[in-house]
Amino acid sequence: MKSFIKTLLITVIVISVLASAVLILGALYISGYRDRHVEDALLEFDNRMGNTEFYCFNPSDRYGNFKKAKLIEDAGLDNGTKYAFVPYSEIPADLINAFVAIEDKRFYLHEGIDFLRTGKAAVNYVFGDGGFGGSTITQQLVKNLTEYDDFSVDRKLIEAFSATGLERKYDKSEILEMYLNVINLSEGCRGIGAASEFFYSKNPTQLTLAECATIAAITNNPARYDPLKHPEKNKQRRDLVLKCMLEQGYINEIEYNEAVKEPIKLNLSKKYKNGSVNSWYIDMVTEDVLNDLSEKYGITKKSASLMLYRGGFRIYTAMDENIQNVLDGYYSDEYNFPIGEDGEIPQSAMIVIDPYSGDILGVAGAVGIKSANRLQNYATNAKRPPGSTIKPLSVYAPALDRGLIKWSTVIEDSPIDDGGSRGTPWPQNVSRDYVGKVDVKYAIEHSLNTVAVKVLQMVGEKESFNFLKNKLLIKSLDAKKDMGAASLALGQPSHGVTLREITAAYSVFEEGIMSRPRSYYFVTDSDGKIILGNAPSQEKVISKESAAIMTKLLETVVDTGTAAGKIALDRNVSVAGKSGTSNNNCDRYFIGYTPELLAGVWFGYEYPKDLSQFGGNLSVYIWDEVMSKIYESDDWGSITKFAVPDTVQKLTYNKDGSFDSIDGTDASEYSDGWFAIEPHK
């Protein structure tokens, strides 16, 4: 007997300890969700309903005269979702009661969680079909405002604590107003305003009792109870809504009997139609605003999209209408691009930037007439190896600025590794030849891989990588995979870079200042309150002397180097730039700039394949044709020459790199170059 009592006592103690541990762990687990809440930005409805509008400026008004913003008439947001905000005061009682009766009959009694329904739902989750259910209207509001829509215990806990937080902050009418304006009601309708207009061509105050119940019936399963696609199923659910309203005292029997006799009779609106197709620029700025909304307010991309597409925003873009029109016109015409031997037209993209401010003035994301919104944009989304266009940024600019090289520095054009038993020297130049001793000017204008790798060794791979990523803002680079000569000197990074990144980085060569590229200036709500600011972000990363010398070096690429004879624009205005080809010859680039504009072009296939059939670098010709059209269509060209600071002068040097006396020397033995004549400041 004593043994039994002892065993029983030990068992009770063990169970008590385990139970305590479970309770403590459970409390700790649940406490992790206690502070979860819905982002405040998503709850500010009143001034966020309506169409989001896009604005641009004349070039002379972009800096300070924002009152002269022009509405971009054909731009708008349409992701297939319809919104029409309805304030609580304009929502009929029958519509409110229909939702409460079918979705949450104890709505006015609970504080965000209906423990009775939750308990039943939990039993069903464990012993039934695995579905959870049991959500109150407040919990459903949380679900519709966030990405918390998976069927899991975690989601239910987050939803529950967020719901109780809302109940503490808002009264029942405010919660209903928010809920009824975001609930999914099929056919792309978010909220009762859009559903009422779409299905009945009415505003909610004009709905009959049966129509109110029809809309409320959709909520449980919008695909199943869509009254347009499944009127019979909707009617069954609608009649259940009416029965619940009767049982809960919201309507009497006469009203109930009349409503259930009413057939599902829709009167579809002509107001909602497919939106127009936006330009590549509007696609880009939309994506930028979504990312910045998400980052600033600490919300998910889905929540940011809900804010933006719900409307009421005014987005003030940096777009130059004339430049964008030129790009749209050129890139929509497939006849401007060659056809491959297999009949396929390659892809291309182009971006134009103001190098002094970072303002993105125009963009074309693909070849052909744009058929939809937010398609793959090869200028801003696609990441491809930039080839030799990276060399001036990663190798020559930092080396020049640190005094490791100058224009006249002589370096041996020869392989670093002769290949040994492999028989393949590395690195190889595109020509597969080596010419011996060359100066930096020759190495850049002929894009020698050997010299680029040797100068990288002077700079240091870590320093080069940090310069690209942290100073020139090429964020696509990977610190683990791109710390090597292939990525930094030869332009073959593991994941590639975007055309937007590599082009914007060239802004550093105007005055030594890196200007972060931006597509918009600020975003306001419909009352003018600033939602997002986007002030210029600039940093001096090399001296003005180094920038000027690099520009002179890149002018030689156009005058006598890899782009020689291919650019007609330089007859009227100075042009500097760099061409590039990926190792597998699947991507070709030209990044070029004038004293006023910076532009980059990529050319290749959607699915990379060899471009040898097209001969030379077509990106150079595309760049020249489009930029020439831009200069013809606008008032660009008032500045025709690159500025050179007084601290940079043109000097004559010997081919061996020295500045010894050249009197009486054969002219073929010396050359002219640009040099800083005093220390960098």
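Nothing here was measured: the structure is a model prediction, and the numbers come from that model. Throughout, a residue's number is its position along its own chain's written sequence, starting from 1. It should be noted that, the model being predicted, local features are given only for residues of pLDDT at least 70 and side-chain atom pairs only at 80 or more, the latter also being counted only at that level, while totals for whole chains, interfaces and linings use all residues. Excluding hydrogens and water, the side-chain values take into account all heavy atoms of the structure.

Chemist: Can you lay out the overall build of the chain for me, pointing to particular residues and giving the numbers?
Modeler: Secondary structure counts use DSSP, requiring at least four H or I residues in a row for a helix and at least two E residues in a row for a strand, with both numbered from the N terminus. Each helix and strand in the chain was counted, giving 22 helices and 18 strands. Exposure is judged per residue with a 1.4 Å probe applied to protein chains only, and the accessible area is read against the type maximum: over 50% gives exposed, under 20% gives buried, and values in between give partly exposed. Within the span of the chain, comprising 681 residues, buried residues form 54% of the whole. Using the Shrake-Rupley algorithm and a 1.4 Å probe, accessible areas are obtained, with residue cover drawn only from the displayed protein chains. Element-wise, carbon and sulfur atoms account for 52% of the exposed surface of the chain, whose accessible area totals about 30600 Å².

Chemist: Give me the lowdown on the environment of Asn278, citing residues and values where you can.
Modeler: Tracing the backbone through its elements, the reader meets Asn278 in the loop between α10 (253-261) and α11 (280-297). When the C-alpha positions of Asn278 and Ala75 are compared, they lie 5.6 Å apart, and in sequence the two are 203 residues distant. It only takes one pair of heavy atoms within 4.5 Å for two residues to be counted as in contact. The contact partners of Asn278, leaving out residues within four places of it in the chain, are Asp74, Ala75, Gly76, Asp283, Lys370 and Asn373. One polar contact links the side chain of Asn278 to the main-chain carbonyl oxygen of Gly76, over a distance of 2.5 Å. Throughout this description, a polar contact denotes any pair of N or O atoms lying within 3.5 Å of each other; where both atoms belong to protein, one of them has to be capable of donating a hydrogen while the other can accept it, and for residues adjacent in sequence the pair is counted only when both atoms sit in side chains.

Chemist: Before we move on, could you go through the pattern of salt bridges and cite the residues and values that matter?
Modeler: Here a salt bridge means any side-chain nitrogen of Lys or Arg lying within 4 Å of a carboxyl oxygen belonging to Asp or Glu. Counted under the stated rule, the structure contains 19 salt bridges. In this structure, Lys202 engages Glu211 in a salt bridge whose closest nitrogen and oxygen atoms are separated by 2.9 Å. Judged by relative accessible area, which is 21%, Lys202 ranks as partly exposed. Its relative accessible area of 8% is what places Glu211 among the buried residues. A salt bridge links Glu287 to Arg374; its shortest N-O distance comes to 2.6 Å.

Chemist: Give me the lowdown on the sheet that holds strand β5 (residues 314-317), citing residues and values where you can.
Modeler: At least two DSSP bridges between two strands are required for those strands to pair. In space, the five strands of this open sheet follow the order β2-β1-β5-β11-β12, with mixed pairing throughout. Of all strands in the sheet, those bounded by a partner on one side alone are β2 (70-71) and β12 (530-533). Here strand β11 (residues 520-524) pairs with β12 via three bridges, running antiparallel. Residue pairing in the sheet places Thr524 in a bridge with Ile530 of β12. Comment: axis = line fitted to C-alpha atoms, over the contacting stretch for helices; angle = value between 0 and 180 degrees taken between N-to-C directions. Seen against the sheet, α11 touches β1 (53-56), β5, β11 and β12 and runs at an angle of roughly 100 degrees to β12.

Chemist: Which residues make up the environment of Leu597, and what are the values?
Modeler: Among the structural elements, Leu597 can be located in the loop between β15 (587-593) and β16 (598-604). On the accessibility criterion, Leu597 (0% relative accessible area) is buried. When the C-alpha positions of Leu597 and Leu361 are compared, they lie 9.2 Å apart, and in sequence the two are 236 residues distant. Sequence-distant contacts of Leu597, defined by excluding residues within four places in its chain, comprise Ile323, Val352, Ile353, Pro355, Leu361, Gly592, Met627, Ile630, Tyr631 and Trp636.

Chemist: Summarise the nonpolar core; cite the residues concerned and give the values.
Modeler: We define the nonpolar core as a collection of buried residues of types Ala, Val, Leu, Ile, Met, Phe, Trp, Tyr and Cys that are connected through side-chain atoms lying within 4.5 Å of one another. The biggest cluster of nonpolar side chains holds 132 residues, and the ones touching the most others in it are Tyr331, Met350, Leu393, Tyr396, Phe509 and Trp623. Membership of the second largest hydrophobic core comes to 52 residues, among which are Phe107, Leu176, Leu209 and Ile251.

Chemist: Can you explain the packing of α11 against helix α12 (residues 301-310)? Please cite residues and give values.
Modeler: Here α11 crosses α12 at 120 degrees, and the two axes come no closer than 9 Å. The orientation of α11 relative to α12 falls into the category oblique. As α11 packs across α12, the resulting crossing turns out to be right-handed. Residues Thr286, Glu287, Val289, Leu290, Asn291, Leu293 and Ser294 of α11 lie in contact with α12, whose contacting residues are Lys301, Ala304, Ser305, Met307, Leu308 and Tyr309. Residues were grouped as follows: Ala, Val, Leu, Ile, Met, Phe, Trp, Tyr, Cys and Pro as nonpolar; Asp, Glu, Lys and Arg as charged; and all remaining residues, including Gly, as polar. Class assignment of the residues belonging to the contact of α11 with α12 gives a composition of seven nonpolar, four polar and two charged. Should an angle fall under 35 degrees it is taken as roughly parallel, and over 145 as roughly antiparallel, whereas 65 to 115 is taken as roughly perpendicular and any remaining angle as oblique. Definitions for this section: a left-handed crossing has its near helix turned counterclockwise from the far helix by less than a right angle. A right-handed crossing has that turn clockwise.

Chemist: Explain the packing of helix α2 (residues 93-103) against helix α9 (residues 231-247) to me, and be specific about the residues and the numbers.
Modeler: The interhelical angle for the contact between α2 and α9, taken along N-to-C directions, is 95 degrees, at an axis separation of 8 Å. Relative to α9, the element α2 lies roughly perpendicular. For the pair formed by α2 and α9, the contact residues are Asp94, Asn97, Ala98, Ala101, Ile102 and Glu103 on the first element and Arg237, Leu240, Val241, Cys244 and Met245 on the second. Its residues assigned to classes, the contact of α2 with α9 shows seven nonpolar, one polar and three charged.

Chemist: Provide a residue-level description of the packing of aromatic side chains, including the pertinent values.
Modeler: Pairs were defined over the aromatic rings of Phe, Tyr and Trp, the Trp ring being its six-membered one, requiring ring centres within 6.5 Å. Orientation was assigned from the angle between planes: stacked under 30 degrees, edge-to-face over 60, tilted for the rest. Under the defined criterion, the tally for this structure stands at 19 aromatic pairs. Each ring, one from Phe590 and one from Trp623, has its centre 5.4 Å from the other, and the planes form 80 degrees; the classification is edge-to-face. With Phe590 in strand β15 and Trp623 in helix α22 (residues 618-633), this pair connects stretches of sequence that are 33 residues apart. Neither Phe590 nor Trp623 differs from the other in exposure class; each is buried. Measuring from centroid to centroid gives 5.0 Å for Phe659 and Phe675, while their planes differ by 75 degrees, and the two rings are edge-to-face. With Phe659 in the loop between β17 (648-654) and β18 (670-676) and Phe675 in strand β18, this residue pair connects regions lying 16 residues apart in the sequence. For Phe659, a relative accessible area of 39% gives the class partly exposed. Of the aromatic side chains, those joined through ring pairs into one cluster are Tyr55, Phe57, Tyr316, Tyr521 and Phe522. Counting as a charge over the ring demands two things of the Lys NZ or Arg CZ atom: a distance within 6 Å of the ring centre and an angle within 35 degrees of the ring normal. Between the NZ or CZ atom of Lys370 and the centre of the ring of Trp280, over which it lies, the distance is 5.0 Å.

Chemist: Break down the pairing of strand β6 (residues 347-353) for me, citing the residues and quoting the values.
Modeler: For β6, a buried count of seven out of seven residues is recorded, marking the element as mostly surrounded by other parts of the structure. Along β6, one buried face is formed by Gln347, Ala349, Ile351 and Ile353 and the opposite face, lined by Ser348, Met350 and Val352, is buried too. Alignment of β6 against β16, held across seven bridges, turns out to be antiparallel. Directly across from Ser348, in β16, lies its bridge partner Phe603. When β6 meets strand β7 (residues 360-364), the two strands line up antiparallel, connected through four bridges. Looking at the pairing, Val352 lines up with Gly362 of β7. Hairpin connection of β6 to β7: six residues between the antiparallel strands, including Gly358 at a positive phi of 85 degrees.

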